[in-house]
Amino acid sequence: MASEHSHWPLLADAPADEDLSRCVHCGLCLTACPTYLVTGKEMDSPRGRIYLARSVAEGTLLTTPTVERHWDLCLQCRACETACPSGVPYGRIMEHVRAQVAEAPQSDPVVRRVRRLVLRHIVARPRVLAAAALLPRKLAGLLTRERVAKLKPKPLRRLAGQIPRGQGAPVRPGFELRPAGQERARVALLTGCIMGEVFGEVHRATARVLARRSIAVEAVEGQGCCGALHAHDGDLAYARKLAKKNIAAMESDRFAAVVVNSAGCGAAMKEYDDLLAADPKWAARAAAFSAKVRDFSEYVAELGGEVPSQLETRVTYQDACHLAHAQRITTQPRALLDAITGCQRIETAGADRCCGAAGLYSVNQPAMSGELRQRKAVEIAASGAQIVTTANPGCHMQYLAADAESHLDVEVLHLAELIDRAEAAAETSR
Ligand code: SF4
Ligand code: SF4
């Protein structure tokens, strides 16, 4: 609950005082925070941002444009949650802070309204999004790696380079893949918004990997965007609407799990219980649904069993923040890579630090996003990896951008694509 003295404009969705008061100002989160590491400013750290929120909650500070900018610079990567010994639910706090800023923005009100329109009326509307994705898909067919490498100036090369190539046709609700033999279980697959339209091959690879383990994959009709981008932008009302739609579409008992191969979407869906906790009609359904959500790597690890795989390559796995910090999944993807015969996995020091993609962050905060991307590029170049693998569409595109911008000469693959490739190679060599 928020106090009655607070300056929050939307009391119903204000950050809870109980959440804010868990911060004991120890500062252990500071060096985990990518924005603090770049600017060195206390107010660009988790502790500083919580202090600002607490001051507004106590009625001693107004949400001025300066205050909003410190909050806006937050990537919502949640590395601070992993580092925090007091269990401060920073992700939840920041979503509620953003809901306040969205209600009465002091800075960039027009930009914020446009962003909300785009999220509600393009990203969350499958037909509109499909039309919008036509151009990037066409461009992806024309832009070979060699053509991208020759583009000038650098920003154009980066923009063109980040369009996912080789992803084929979209995968939308209605898609299904059954295993060749007996069906061990059936799972629902979230096709998502951007993921389904421009990462079709990731979905097909996901389904093939699961089919080799006798799992049938079904992308049911009625599902849609998970609402993560809306929640991060503070549009909690719309995020709740999308959450209900997905629960109704995929909660059926015929599914052993709801498999998600986008870390941001998976984290949001695992937190539908939190998002809908105050809704008496939906709270129990949301809790049951969230308990069934599994990240791709988490589910494959749970299934166990050995499927032969081989690939002679050097690969670096870069954690997606919403897998490592929101879902706390770090070992399963690495173990899956380590099981591939011939695959040398190279660990980089900053693997679990945010790449700067962070949903719409690269559009909203291009300078900080670019700085974080370049830091990753340096680390990847030093690793000598041939393949960069990750588990989130935004990160995937950020690494493609880094490759094009810094001439890294690496291939960027989703973890599912890499495992599928290695398993297919083992099949053909038998
Ligand atoms: S979410 Fe990430 S960027 Fe934001 S305060 Fe926490 S560590 Fe820093
Ligand atoms: S680590 Fe946790 S308790 Fe300590 S300053 Fe950061 S958010 Fe607050």
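Note that the coordinates shown come from a computational prediction; the quantities given were computed from them, not determined experimentally.

Our next topic: a nonpolar patch on the surface. A contiguous nonpolar surface patch, about 360 Å² in accessible area, is contributed by Val-110, Val-114, Val-118, Ile-122 and Val-128. For the nonpolar patch, the element with the highest residue contribution is helix α7 (residues 109-123), accounting for 4 residues.

Okay, helix α3 (residues 46-57) next. Here α3 spans 16 Å end to end across 12 residues, near enough to the 16 Å set by a 1.5 Å rise per residue. Of all 12 residues that make up α3, 9 are buried, and the element is covered over most of its length. If you check which residues of α3 are buried, you get Pro-46, Gly-48, Arg-49, Ile-50, Leu-52, Ala-53, Ser-55, Val-56 and Ala-57. Buried residues along α3 sit against α1 (17-20), α2 (34-39), α4 (65-72), α5 (79-83) and α6 (90-103). Just past α3, the residue Gly-59 takes up positive phi, approximately 80 degrees.

Around ligand 2 lies a shell of 13 residues, among which Cys-23, Cys-26, Gly-27, Cys-29 and Cys-84 are the nearest. Put simply, ligand 2 lies in the largest cavity.

So, about the domain arrangement of the chain. For the chain, the domain assignment lists domain 1 (11-107) and domain 2 (309-429). If you average the C-alpha positions of domain 1 and of domain 2, the two centres end up 28 Å apart. Note on domain 1 versus domain 2: buried area summed over both sides is about 1,200 Å², and carbon and sulfur give 66% of it. For the pair domain 1 and domain 2, the interface holds 0 salt bridges. Inspection of the region where domain 1 meets domain 2 yields 4 residue pairs in polar contact (both at pLDDT 80 or more). Counting residues per element, the ones that place at least two in the side of domain 1 that touches domain 2 are α2 and α5. Considering every element that reaches the side of domain 1 that touches domain 2, the biggest residue donor is α2, with 5 residues. Its residues placed into classes, the side of domain 1 that touches domain 2 shows 8 nonpolar, 4 polar and 3 charged.

Here we come to the sheet that holds strand β6 (residues 310-317). Judged by pairing direction, the sheet is parallel, and its 4 strands sit side by side in the order β7-β6-β8-β9 without closing on themselves. Two strands close off the open sheet at either side, each with one partner strand: β7 (341-345) and β9 (411-414). The sheet shows a mean angle of 35 degrees between the axes of neighbouring strands, taken without regard to direction. With 4 bridges connecting them, β6 and β7 associate as parallel partners. Bridge pairing in β7 links Thr-313 to Cys-343.

We now examine the site of ligand 1. Looking at ligand 1, there are 13 residues lining it, with Cys-33, Arg-49, Cys-74, Cys-77 and Cys-80 nearest. Most atoms of ligand 1, that is more than half of them, are within 2 Å of grid points of the second largest cavity. Of all the secondary structure elements, the ones that give two or more residues to the shell around ligand 1 are α2, α3 and α5. Across the shell around ligand 1, the residue classes tally to 9 nonpolar, 2 polar and 2 charged.

What the rule picks out here adds up to 2 aromatic pairs. Seen in terms of ring centroids, Trp-8 and Trp-71 are 6.0 Å apart; in terms of plane orientation they differ by 35 degrees. Their pairing is tilted. Highlighted residues: Trp-8 in the segment before α1 and Trp-71 in helix α4, separated in sequence by 63 residues. Exposure remark for Trp-8: the relative accessible area of 5% places this residue in the buried category. Since its relative accessible area comes to 0%, Trp-71 is described here as buried. Judged by centre distance (5.8 Å) and plane angle (20 degrees), the rings of Tyr-272 and Phe-289 are stacked. Of the two residues, Tyr-272 sits in helix α16 (residues 272-275) while Phe-289 sits in helix α17 (residues 283-292), which places them 17 residues apart along the sequence. With respect to class, Tyr-272 is no different from Phe-289; both count as buried. Positioned above the aromatic ring of Trp-282 is the side chain of Arg-285, whose terminal nitrogen or guanidinium carbon lies 4.2 Å from the ring centre.

Calculation rules
- Residues numbered from 1 in each chain as written.
- Chains lettered and ligands numbered in written order.
- Predicted model: local features only at pLDDT ≥ 70, side-chain atom pairs only at ≥ 80, totals over all residues.
- Heavy atoms only, no water.
- Patch = residues over 30% accessible without salt bridge, like charges linked within 9 Å, V, L, I, M, F, W, Y side chains within 5 Å.
- Areas by Shrake-Rupley, 256 points an atom, 1.4 Å probe, with all protein chains shown as cover.
- Salt bridge = Lys/Arg side-chain N within 4 Å of Asp/Glu carboxyl O.
- Helix = DSSP H or I, 4+ residues; strand = E, 2+ residues; numbered from the N terminus.
- Expected span 1.5 Å × (residues − 1).
- Buried < 20%, exposed > 50% of the residue type's maximum accessible area, 1.4 Å probe, protein only.
- Contact = heavy atoms within 4.5 Å.
- Near = heavy atom within 4 Å.
- 1 Å grid on protein atoms, 1.4 Å probe; cavity = no way out; pocket = protein on both sides within 12 Å on 5 of 7 lines; lining within 4 Å.
- Sits in = over half its atoms within 2 Å of the grid points.
- Domains from an automatic or database assignment.
- Buried area = accessible area lost by both parts, 1.4 Å probe.
- Polar contact = N/O pair within 3.5 Å; in protein donor to acceptor, adjacent residues only side chain to side chain.
- Nonpolar A, V, L, I, M, F, W, Y, C, P; charged D, E, K, R; others polar.
- Pairing = 2+ DSSP bridges.
- Axes fitted to C-alpha atoms, helices over the stretch in contact; angles between N-to-C directions.
- Phe/Tyr/Trp six-rings, centres within 6.5 Å; stacked < 30°, edge-to-face > 60°.
- Lys NZ or Arg CZ within 6 Å of the ring centre and 35° of its normal.

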